[in-house]
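# Descriptive analysis of the structure
Chain residues, written in single-letter form:
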Amino acid sequence: MTPDPLADAVAEAIGVAHVLREPAELPGYETDWTRRFHGKARFVARPGDTGECAAVLRLCAEAGAAIVPQGGNTGLVGGSVPRGGEVVLSTLRTQQLGAVDVIAGQVTADAGVTLEQLQTHVRTAGFDFGVDLAARGSATVGGMVATNAGGTRVLRYGSMREQVLGLQAVLADGSVISRLSGVAKDNSGYDLPALLAGSEGTLAAITRVRLRLIPLYGARATVLLGLAGTRAALDVAAALRRRCPSLESLEVFYREGLALVCHHAGIQPPFAASHGAYLVAECAGQRDPSEELLAALADCPGIEDSAFAVDRGRRSALWAYRERHTEAINAAGVPVKLDVAVPLAQVVQFESEVRLLLAEEAPAARPVLFGHLAEGNFHVNLLGLAEDGEERVTGLVLGLVAQLGGSISSEHGIGIAKPAWLSLTRVPADIAAMQAIKRALDPAGLMNPGVIFPK
Ligand code: FAD
Ligand code: 2HG
Ligand code: ZN
């Protein structure tokens with residue numbers, strides 16, 4: 001073990017068992033979920049609460065040591081792993097879940113609580129949580145706020161920021177900001193919780209969050225449709241949005257992703273025929289929403305195949321074709337992931353143009369497209385792209401997105417994967433304002449350096 005006075009001081013503050021310094025203990029904290037991003041940690045600190053987290057950050061500030069906050073390490077833009085020599089601040093030991101406030105429909109959760117733990121906890125009290133995503137077993141509340149995670153229910157409940165009523169966080173100098181009262185209307189000054197949502201660990205370490213809850217719906221109806229292509233999927237999506245107030249999800253995928261999932265999971269495709277696009281739609285309510293969903297679908301032309309489910313097992317089987325894309329892609333190789341969104345009016349054009357662009361510019365790569373159709377959010381995954389082509393091809397795809405008026409990061413963040421392209425969709429004054437905020441809260445640039453802005 002290399003001598004390190006900072007690690008010794010941190011161990012004194014939070015307990016020697018909660019500072020990981022042995023090389024054998026570190027790899028899980030040093031490589032991201034996709035295996036594309038990795039770097040050495042100086043050591044890993046695992047504080048157990050806000051006070052201990054503040055002590056760690058204060059000591060790091062005094063030593064001028066950079067910090068990488070880390071939750072479940074399921075982030076997909078490299079922001080959760082060290083670039084080389086930073087202290088990793090893991091929140092996984094912070095595990096408190098407060099009692100559900102059944103009058104306000106709120107709960108307070110520590111940053112290290114996983115989405116699944118949160119869901120289980122609030123469901124026993126008759127509530128549910130508005131954000132859901134496939135990494136629910138590992139993704140943490142803190143990480144989800146820090147990335148402003150989206151997922152499969154944004155069309156009904158919004159992203160993570162919309163669920164945050166308040167939070168507690170430690171700034172780079174170790175000072176603590178706290179707004180956990182749960183008061184639903186509070187206009188006393190700047191909305192710091194909203195600012196920290198999506199800040200990707202660059203402004204503060206989030207330690208506790210006050211969350212809005214939604215009703216727990218007992219009835220769900222899910223449909224998987226086979227359609228001619230994206231145009232047809234968009235038409236169905238528009239009709240369902242108009243006709244089904246209980247609509248919660250509109251997810252799209254294509255035949256290349258379906259083939260990967262079936263191969264990886266060892267399952268049969270849903271239909272005998274292959275289709276140009278697949279759409280998963282789900283409605284949820286206190287009463288069975290099947291009739292509402294089926295009536296709306298009956299008026300939709302262009303549906304080539306369909307599978308419908310209301311019971312949990314069959315619904316999960318339909319969702320698996322969509323939800324298991326990320327793991328199936330990871331099993332096939334180390335992907336380059338481009339999480340983008342375009343205005344819905346440009347979705348059809350984007351899907352066809354990006355495929356043409358990739359066929360011309362990266363013929364050896366295997367593109368896998370899928371995503372959240374309701375928000376025009378495509379996950380463009382590229383397998384087998386030569387390393388020396390990553391930057392050029394990323395620039396071309398993100399350039400197309402910008403040209404169509406879209407976003408180069410729809411829900412995963414900028415991380416260390418995309419700072420070079422931030423100026424495609426943010427004007428200089430916008431970037432300067434964000435950098436001024438960063439400087440004000442973290443003057444020494446210790447919080448997650450290299451994330452969002454180029455170093
Ligand atoms: P980490 O990966 O540990 O960290 C992510 C970022 O947040 C890093 O920049 C890190 O520094 C920062 N951070 C973490 N904790 C804190 C904290 N307490 N304070 C300050 N900063 C912090 N994302 C979506 O948006 N929608 C999806 O549908 C979705 N599906 C996914 C499915 C799979 C299978 C996988 C592997 C990932 C998916 N993701 C999705 C991405 C990922 O799950 C989310 O970004 C999630 O919010 C990250 O949470 P985490 O706890 O793993 O954070
Ligand atoms: C999803 O929507 C996640 O499933 C992951 O955001 C996307 O793997 C990806 O590219
Ligand atoms: Zn997604």
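The coordinates are above.
The structure contained in this document is the topic of the report that follows. The shown structure was predicted, so the numbers you read here are calculated from the model rather than taken from an experiment.

What counts and what doesn't
Residues numbered from 1 in each chain as written. Chains lettered and ligands numbered in written order. Predicted model: local features only at pLDDT ≥ 70, side-chain atom pairs only at ≥ 80, totals over all residues. Heavy atoms only, no water. Near = heavy atom within 4 Å. Polar contact = N/O pair within 3.5 Å; in protein donor to acceptor, adjacent residues only side chain to side chain. Areas by Shrake-Rupley, 256 points an atom, 1.4 Å probe, with all protein chains shown as cover. Helix = DSSP H or I, 4+ residues; strand = E, 2+ residues; numbered from the N terminus. Nonpolar A, V, L, I, M, F, W, Y, C, P; charged D, E, K, R; others polar. Donors = N, O, S within 2.8 Å, 3.2 Å for Na, K, Ca; no water. Buried < 20%, exposed > 50% of the residue type's maximum accessible area, 1.4 Å probe, protein only. Contact = heavy atoms within 4.5 Å.

## Concerning the site of ligand 2
Around ligand 2, the surrounding shell consists of L76, R322, T326, K337, F370, H372, H379, N381, E411 and H412. With respect to ligand 2, the side chain of T326 contributes an N or O atom lying 2.7 Å from an oxygen atom. Contact between ligand 2 and K337: an oxygen atom at 2.5 Å from a side-chain N or O atom of the residue. Burial of ligand 2 by the protein amounts to 88% of the accessible area it has alone, namely 290 Å². Sorting the residues of the shell around ligand 2 by element identifies β16 (366-372) and β17 (377-383) as the ones contributing at least two each. Grouping the amino acids of the shell around ligand 2 by side-chain chemistry returns two nonpolar, five polar and three charged.

## Here's the deal with the coordination of the zinc ion (ligand 3)
Protein ligation of the zinc ion (ligand 3) involves H372 (NE2), H379 (NE2) and E411 (OE), the donor distances falling in the range 1.8 to 2.1 Å. In terms of primary sequence, the donors binding the zinc ion (ligand 3) are separated according to H-x6-H-x31-E. Residue H372 shares its accessibility class with H379, and that shared class is buried.

## A word on the site of ligand 1
In the vicinity of ligand 1 lie 36 residues, with P69, G71, T74, G75 and T140 positioned nearest. Within the contact set of ligand 1, an oxygen atom lies 2.7 Å away from a side-chain nitrogen or oxygen of T74. Between ligand 1 and G75, the relevant distance is 2.7 Å, taken from an oxygen atom to a main-chain nitrogen or oxygen of the residue. Its free accessible area being 960 Å², ligand 1 has 96% of it covered by the protein chains. Looking at the shell around ligand 1, the elements that each hand over two or more residues are β3 (67-70), α5 (141-147) and β9 (204-212). By residue number, the principal contributor to the shell around ligand 1 is α5, which donates five residues. Residue composition of the shell around ligand 1, grouped by class: 14 nonpolar, 20 polar and two charged.

## Looking at the side chain of R210
Within the secondary structure, R210 is located in strand β9. R210 sits in the buried class, given a relative accessible area of 10%. At a separation of 3.3 Å, a polar atom in the side chain of R210 contacts the side chain of D101.

## A look at the side chain of N148
Take N148: it is sitting in the loop between α5 and α6 (154-157). By relative accessible area, which is 16% here, N148 ends up buried. Only 2.8 Å separates the side chain of N148 from the backbone nitrogen of R161, close enough to count as a polar contact. Those residues in contact with N148, other than ones at most four positions away along the chain, are S159, M160, R161, A197, G198 and E411.

Purely spatial values, then, with no claim about function.
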